[in-house]
Amino acid sequence: MKKNIFICTILLLGGACELRAQSHIEEVLRSVEANNKELQANAQLVASQKLEAKTENNLPDPTLSYAHLWGAKDKSETIGELVISQSFDFPSLYATRGKLNRLKSGAYDSQADVFRQDLLLQAKTLCLDIIMLRRQKQILDERLRNAEQLTALYAQRQQTGAGNALETNKINLELLNVKTEASMNETALQNKLRELRTMNGDLPVSFEDDQYPPVPFPSDYERLKAEVLGADRSLLAMSDASAVAQKQIAVSKSQWLPKLELGYRRNTETGTPFNGVVVGFSFPLFENRSKVKIAKTQAMNIDLQRKGATLQAESRLSQLYQEARNLHASMEEYQKTFRTQRDLELLKQALSGGQISVIEYFVEVSVLYQSQLNYLQLENQYQKAMAEIYKSRL
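*Asks:* So what exactly am I meant to see when it comes to helix α6 (residues 221–230) here?
*Replies:* Since the α-helix advances by 3.6 residues per turn, residues separated by three or four positions end up pointing in the same direction. Every buried residue belonging to α6 is among Tyr221, Leu224, Val228 and Leu229, and all of these are buried. On an axial view of α6, the arc spanned by its buried residues comes to 110 degrees, and they lie on one face. Away from the buried face of α6 by more than 90 degrees, exposed residues Glu222, Arg223, Ala226 and Gly230 are located. Taken together, the buried residues of α6 touch α7 (233–254), α8 (291–339) and α10 (358–389). The N-capping residue of α6, defined by a side-chain oxygen 3.3 Å from the backbone nitrogen of Glu222, is Asp220.

So, in structure tokens, the structure goes:
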């Protein structure tokens, strides 16, 4: 009796249970967002970058100089001169740089948003792995109970002389294998939970879910593409960087305007103090050479990067969509097959009744449990692919 017998209760792993699944992943992500040290450090970095950008539009420091001179023959004859002055750029340049600083501030926020999204996607992936490990644990617990029952049954048979050593050794080996797998599963689960706690600023995380949030597969790719690419934070950040580069060109052009200087001057050369105004101009003939050309080259570089990033985002989305579609189709095939198979109890009854041998039983059981684990892997990969597709929603 060599048939692939599957347990009907595998439907608990499928879409039927997803309908009543209540996920708290979003609550975990909000906690990570509030407590993660990397996010907090990045927020401070962004704040310092904004302040640094503002300082680029500050006035230069005022200057004060005083000269005291005396005669070569008569040192009692002295002259004093005091000069206080303030230099500044052409007024319109401050307005242009102010607009540039506002664009820079938005670009820094966009970069911080990309950093935040990537970190939350990492946390969500951890949560999805934790759910998979818990679902695997349910299967391993069932398999362990089954192996323990068979061990007890064949121990009784041996006492009555109905069992044989070969079958008993096979059952004991199965029990040992299940215990090993269960131990490895528990270790992996605890490692994932510790990693999630670390992401939460080493604060406890209350996450007990063992069901995935329902994520239907989107059938309209073009509609999905428009939504995902339109909300892609990396592309939006590149657009902000491009706007900054274009405004930098305007600033570089404005820097060819003359710099001004105003001040106060006091002179006592004739013995009678004279007060006056100092007015000066500085023409940037050398300081700003090639700066406009440099700004245009940098702007072109960022535009090319943005176009390249757009192509990469489209390619990555296409790959993820194809992967998710294939995974979704495989999951549906497994669910369809599970619905047509008989219960595990029938297999145990056949073994107890002597209709199949222990070897045949373990062959069928191995196929059964491996199919369950395969389904869990497909389900986890599908959830991860959809999480990356919809990462802009984080």
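Read on for the rest.
*Asks:* Can you help me understand the pattern of salt bridges in this one?
*Replies:* When their charged atoms lie close together, side chains carrying opposite charge are able to pair. By the definition in use, this model includes 20 salt bridges. Here Glu81 makes a salt bridge to Arg265, at a shortest N to O gap of 2.2 Å. With Glu81 in strand β2 (residues 78–88) and Arg265 in strand β3 (residues 259–267), this pair connects stretches of sequence that are 184 residues apart. Residue Glu81 is classed as buried on the basis of its relative accessible area of 19%. Between Arg233 and Asp113 there is a salt bridge whose closest N-O contact spans 2.7 Å.

*Asks:* What's the story with the packing of α6 against α8 in this structure? I'm lost.
*Replies:* Between two packed helices, both the angle of their axes relative to each other and the distance between the axes serve to describe the pair. Where α6 meets α8, the closest approach of the two axes is 11 Å, and the angle between their N-to-C directions is 135 degrees. As far as their axial angle goes, α8 and α6 are oblique. Where α6 crosses over α8, the handedness of that crossing is right-handed. Here Tyr221, Leu224, Lys225, Val228 and Leu229 of α6 lie close against α8, whose contacting residues are Ala313, Glu314, Leu317, Ser318 and Tyr321. Partitioned by chemical class, the residues of the contact of α6 with α8 number seven nonpolar, one polar and two charged.

*Asks:* Got a minute to help me understand the packing of α7 against α8 in this structure?
*Replies:* Look at α7 against α8: their axes get within 9 Å of each other, and the N-to-C directions meet at 170 degrees. The angle between α7 and α8 falls in the class roughly antiparallel. Note that α7 runs across α8; the crossing there is left-handed. Along its contact with α7, which presents Leu235, Met238, Ser239, Ala241, Ser242, Ala245, Gln246, Gln248, Ile249, Ser252 and Lys253, the element α8 presents Lys291, Val292, Ala295, Lys296, Ala299, Ile302, Asp303, Gln305, Arg306, Ala309, Thr310 and Ala313. Class assignment for the residues of the contact of α7 with α8 results in eleven nonpolar, seven polar and five charged.

*Asks:* What is the right way to read the environment of Glu148 from this model?
*Replies:* Tracing the chain through its elements places Glu148 in helix α4 (residues 91–160). As for Glu148 and Arg325, which are separated by 177 residues in sequence, their C-alpha atoms are 40 Å apart.

*Asks:* Help me out: how do you make sense of the nonpolar core in this one?
*Replies:* Most often, soluble globular proteins have nonpolar side chains that are buried together. Counting 23 residues, the largest nonpolar core has Ile25, Val32 and Phe207 as its most contacted members. At the level of secondary structure, the elements contributing two or more residues to this core comprise α2 (25–35), α4 and α5 (165–199). Residues within four places of Val32 in sequence aside, it is in contact with Leu39, Leu119, Leu120, Ala123, Met199 and Asn200.

*Asks:* Is there a simple way to explain a nonpolar patch on the surface in this structure?
*Replies:* A surface patch of nonpolar side chains, about 830 Å² in accessible area, is lined by Leu262, Val277, Val279, Phe281, Phe283, Leu285 and Phe286. The biggest single contributor to the nonpolar patch is strand β4 (residues 274–282), with three residues. Assignment of secondary structure puts Leu285 in the loop between β4 and α8.

*Asks:* Could you clarify how one ought to interpret the packing of aromatic side chains in this entry?
*Replies:* The relative placement of two aromatic rings is captured by the distance of their centres and the angle of their planes. Applying the stated rule across the entire model yields three aromatic pairs. An aromatic cluster of three or more residues is present, and its members are Phe217, Tyr221 and Tyr321. Positioned above the aromatic ring of Tyr94, the side-chain terminus of Arg97 is 5.2 Å from the ring centre.

*Asks:* Whenever I open this one, the layout of surface pockets confuses me. Can you help?
*Replies:* Here the idea is plain: a probe the size of a water molecule rolls over the atoms and shows the empty space left. Its boundaries defined by the atoms lining it, the largest pocket holds a volume of some 320 Å³. The wall of the largest pocket is formed by 15 residues, among which Glu26, Lys124, Val215, Tyr390 and Arg393 lie closest to the centre.

*Asks:* Would you mind showing me how to read unusual backbone geometry here?
*Replies:* Trans peptide bonds make up most of the peptide bonds, and negative phi angles are found at most residues other than glycine. One non-glycine residue with positive phi stands out, namely Asp202, at about 60 degrees. For Asp202, the position within the fold is in the loop between α5 and α6.

*Asks:* Which parts of the structure should I look at to understand the sheet that holds strand β1 (residues 63–70)?
*Replies:* The strands making up a sheet associate through backbone hydrogen bonding, with each pair oriented either parallel or antiparallel. The strand order across the open sheet built from four strands is β1-β2-β3-β4, with neighbouring strands paired in antiparallel fashion. In the strand order of this sheet, the two ends are held by β1 and β4, each with one partner. Geometrically, the sheet is characterised by an average inter-axis angle of 20 degrees between neighbouring strands, direction not taken into account.

*Asks:* How do you make sense of α7 when you look at a structure like this?
*Replies:* Here α7 contains 22 residues, and its C-alpha end-to-end distance of 32 Å stays within 8% of the 32 Å for a straight helix at 1.5 Å per residue. Listing the buried residues of α7 in full gives Arg233, Leu235, Ala237, Met238, Ala241, Ser242, Val244, Ala245, Ile249, Val251, Ser252 and Ser254. For α7, the capping residue at the N-terminal end is Asp232, with a side-chain oxygen 2.9 Å from the backbone nitrogen of Ser234.

*Asks:* Which parts of the structure should I look at to understand the environment of Leu140?
*Replies:* Within the secondary structure, Leu140 sits in helix α4. Assessed through its relative accessible area of 6%, Leu140 is described here as buried. Other than its neighbours up to four places away in sequence, Leu140 contacts Val178, Glu181, Ala182 and Asn185.

Criteria and cut-off values
Residues numbered from 1 in each chain as written. Predicted model: local features only at pLDDT ≥ 70, side-chain atom pairs only at ≥ 80, totals over all residues. Heavy atoms only, no water. Buried < 20%, exposed > 50% of the residue type's maximum accessible area, 1.4 Å probe, protein only. Helix = DSSP H or I, 4+ residues; strand = E, 2+ residues; numbered from the N terminus. Arc of directions from axis to C-beta. Contact = heavy atoms within 4.5 Å. Polar contact = N/O pair within 3.5 Å; in protein donor to acceptor, adjacent residues only side chain to side chain. Salt bridge = Lys/Arg side-chain N within 4 Å of Asp/Glu carboxyl O. Axes fitted to C-alpha atoms, helices over the stretch in contact; angles between N-to-C directions. Parallel < 35°, antiparallel > 145°, perpendicular 65-115°, else oblique. Left-handed = near helix turned anticlockwise from the far one by under 90°. Nonpolar A, V, L, I, M, F, W, Y, C, P; charged D, E, K, R; others polar. Core = buried A, V, L, I, M, F, W, Y, C linked by side-chain atoms within 4.5 Å. Patch = residues over 30% accessible without salt bridge, like charges linked within 9 Å, V, L, I, M, F, W, Y side chains within 5 Å. Areas by Shrake-Rupley, 256 points an atom, 1.4 Å probe, with all protein chains shown as cover. Phe/Tyr/Trp six-rings, centres within 6.5 Å; stacked < 30°, edge-to-face > 60°. Lys NZ or Arg CZ within 6 Å of the ring centre and 35° of its normal. 1 Å grid on protein atoms, 1.4 Å probe; cavity = no way out; pocket = protein on both sides within 12 Å on 5 of 7 lines; lining within 4 Å. Points joined across faces, edges and corners; volume = space filled by probe spheres on them. Pairing = 2+ DSSP bridges. Expected span 1.5 Å × (residues − 1).

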